[in-house]
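Each chain is listed here by its residues.
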Amino acid sequence: MKECCEKYLAEQFGGDEDIMREIYGEYVQSVHEKIGELKTALDASNWQSADKIAHTVKGNALAAGDAEVSNLAIELRKASALNDIVQCRSLLAKIEELAKGL
Amino acid sequence: MNRISEERDRAKILVVDDEKLVRLVMSARLRQAGYGCVAVGDVESAVAILKKERKDFSAVITDIVMGNMDGFDFRDIIRGIDSSMPVFFLTALDPEEGSGFLKRILNDPISYYMPKSVPNEVLIRRIKQVVASRRVAMFIEQKLEDDQKSMQLAANIQYSMLPVRSVMTPRGFYTSWWRPAETVSGDLYEAVPFGFGCYLYVLGDIQGHGTSAALAMTAVQSFLKTLTRREGAPYMTPAEIANVLQRFFRKNLADVSYMTALICLHRAVEGTTSWISCGAPDLVVIDGGKYIRVNPEKRGGMPIGMMPDTVYTEDDIVTTNMTDTAVCIAYTDGILDLSRDPEGMERLPQEQSMRALAELVDEAREKGTLPALFAKFMKVCEENGYTYFQDDVTLLTFSKRLPIEGVYEDTFLLHPAEIDSASQKMADWCRSQGWPQSSIGIVQLVLEEKTMNIYDHGFDDRTRLHEVASIRLTRIEDSACLTVWDNGTPQPSLMVATGDSEVAFEIANSKMSNHGRGRLMVRELCDMIEHNQYGTLNEAIYHIPLKGKKKEEANNA
């Protein structure tokens, strides 16, 4: 479990490992799913969809205590608002990299 | 388990978010804190749950950005189901993004903003506060609901204590209209036969409103029933009755209120009315479309129970000679408080109301529509914008009964035996007018069908078993014109029995007609049926061909 997530979830749930594992597992699964959806949205230049997915990634990362992914998702939303495909792809690559380590 | 934990166990939160992770996190947080939690992924499921069991939930936690509907639209739906349900908006949106969502959340006084990154302790503390407020709101709501049920029960009891709406005797008739300003009323009236050819009418208005006035009304109404039915009562004069009521009031209700009252003894055979006003509006006599002042000497006494030593004497009584066509109207002053605005600033002027009433009386006398007099009067008031009742209103009219040539009138209780008897009496009258026997049977069938339907299905509660129907029958060329007035449900009565769908109604109609009864059969027998609604009074007019014309036409076809 990623260190920051473990710390955050332990604080939130009083160290209840069953709950922590379940939530973390769900978070990891959701990040991978959303990365795929983001790729599709960016390939289609569907900025509205990209913004919405990035918003969900941000929310899920906050819920799991993953500040790094959450901050990248915020940046991705900003780039998406400017229709900046290069920046979007770059941020997505960073999220993907982080997701590998989850 | 301590008390707080028990309370938390009972508090249940509905979580709505299309992200499974958020639902999982929120459920875990709430359950860990001792709350019950139901988490759903879409608004439709949440709405279905709230519609079914809204009282089981203490708050809703929802996202703003969701797949099929945003959180604000969802909140509008929640408000339609439960106006006091607290709604938490748990969102990853940043207030500094400038989308204005924070303002939209705070537009509603029981909506709260909660960022998705909110620390657990803050979330639980906030929920605890809101759940406590919700408990208080629910307690008040439940109390109001219970109070409303009690008031409705009290209203039904009051209504059942009143005499029947309208009565016709061979010599006289009366008809009445009683309406509380709110649910229960401080107004009362009694109408009882009082010796040969006489009727006693008492109209009272307990001062004040609400529960205490209503309780006093029921006490006085019960006392009046006992008083007027005891042996020797018909020998009492209106002043003596007022004195007995004064003693009753001082003994039982002196600290509660007092009552203005009009006590009238109508001797239809002699053509006089002796009456006493105890602080109430004078009796009004209308004759030939004119409003006649009948108390120039301003006789009368103080309201009943107001002063401890009031004694009413025979000098307080007014005796009014009445022509055969004169109609008396007694009313409580609530009618003068009928207004065009909710604050009661623009009230119905007395002259205008009396003029309108005089015109309607004249017309009703002529056409035999007196049972619908007050309902029609109220409709005129409504058409002129006087729709706000500031006070309870009771109206009572009585007079000598004059048979109108070619018109049959009757009022009878809505019970099978009474209906049967009324039908026979009507048939006797038709025979006396030389109507063909086969046609008389048809008119009887229509009358019995209509009134039995009202008896079977026309009332929501059986406390109204003293309801009456009034009828008027006349002949217009080859048709009989039968008018029935009743206070039952305004819609076709079978709808009540079979649910409110049009299809169910028609199916029931069809089934009933196979058994020789039902509205389809009535439709078949009539050329035309008119339905009118005057407040709570229903008017149905049946035009029935008198020579089996319709049947012959059908046979020819």
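About the thresholds
Residues numbered from 1 in each chain as written. Chains lettered and ligands numbered in written order. Predicted model: local features only at pLDDT ≥ 70, side-chain atom pairs only at ≥ 80, totals over all residues. Helix = DSSP H or I, 4+ residues; strand = E, 2+ residues; numbered from the N terminus. Buried ≥ 20, exposed ≤ 12 C-beta atoms within 10 Å, placed from the backbone. Contact = placed C-beta atoms within 7 Å. Pairing = 2+ DSSP bridges. Axes fitted to C-alpha atoms, helices over the stretch in contact; angles between N-to-C directions. Nonpolar A, V, L, I, M, F, W, Y, C, P; charged D, E, K, R; others polar.

Remarks on the overall build of chain A
Then, number 1: Across its full length, chain A carries 5 helices and 0 strands.
Then, number 2: N-terminal to C-terminal, the α/β element order of chain A is α-α-α-α-α.
Then, number 3: Looking at chain A as a whole, 42% of its 102 residues are labelled buried.
Then, number 4: At a minimum sequence separation of 6, the contacts of chain A that also span at least 24 residues come to 51%.

Here we look at the environment of Val57(A)
Residue and element names in this part refer to chain A.
Then, number 1: Tracing the sequence through the fold places Val57 in helix H3 (residues 47-64).
Then, number 2: The exposure class assigned to Val57 is buried, which follows from the 29 C-beta atoms found within 10 Å.
Then, number 3: Along the sequence, Val57 and Leu72 sit 15 residues apart, while their C-alpha atoms lie 9.3 Å from each other.
Then, number 4: Once residues lying within four places of it in the same chain are set aside, the contact partners of Val57 are Val31, Lys34, Val69 and Ala73.

Some remarks on the environment of Arg355(B)
Residues and elements named next belong to chain B.
Then, number 1: For Arg355, the location among the structural elements is in helix H9 (residues 350-367).
Then, number 2: The class for Arg355 is partly exposed, based on 14 C-beta atoms found within 10 Å.
Then, number 3: Sequence separation of Arg355 and Lys290 is 65 residues, and the distance between their C-alpha atoms is 7.8 Å.

Looking at the sheet that holds strand S2 (residues 36-40) of chain B
Residues and elements named next belong to chain B.
Then, number 1: As summarised here, the arrangement of the 5 strands in space is S2-S1-S3-S4-S5, forming an open sheet in which the pairing is parallel. In this open sheet, the two strands that pair with only one neighbour each are S2 and strand S5 (111-115). Direction aside, the axes of adjacent strands within the sheet are offset by 20° on average.
Then, number 2: For strand S3 (residues 57-62) and strand S4 (residues 87-91), the ladder comprises 3 bridges, and the chain directions are parallel. When the bridges of S4 are listed, Thr62 appears paired with Phe89.
Then, number 3: Each of strand S1 (12-16), S2 and S3 is contacted by helix H3 (residues 43-53), which is oriented at about 155° to S1, the strand it contacts most.
Then, number 4: The sheet strands contacting helix H6 (residues 120-161) are S1, S3 and S5, and the helix crosses S3 at an angle near 135°.

What to know about the environment of Arg77(A)
Residue and element names in this part refer to chain A.
Then, number 1: Secondary-structure assignment places Arg77 in helix H4 (residues 67-81).
Then, number 2: On the basis of neighbour counts, which here come to 21 C-beta atoms within 10 Å, the residue Arg77 falls in the buried class.
Then, number 3: With 29 residues separating them in the primary sequence, Arg77 and Gln48 have C-alpha atoms 9.6 Å apart.
Then, number 4: Once residues within four sequence positions are removed from consideration, Arg77 is found in contact with Asp51, Ala54 and His55.

A word on the interface of chain A and chain B
Then, number 1: Tallying the contact residues gives 16 residues for chain A and 14 residues for chain B.
Then, number 2: Breaking the side of chain A that touches chain B down by element, the ones donating at least two residues are helix H1 (3-13), helix H2 (17-43) and H3 of chain A.
Then, number 3: The element contributing the most residues to the side of chain A that touches chain B is H3(A), with 8 residues.
Then, number 4: Partitioned by chemical class, the residues of the side of chain A that touches chain B number 6 nonpolar, 6 polar and 4 charged.

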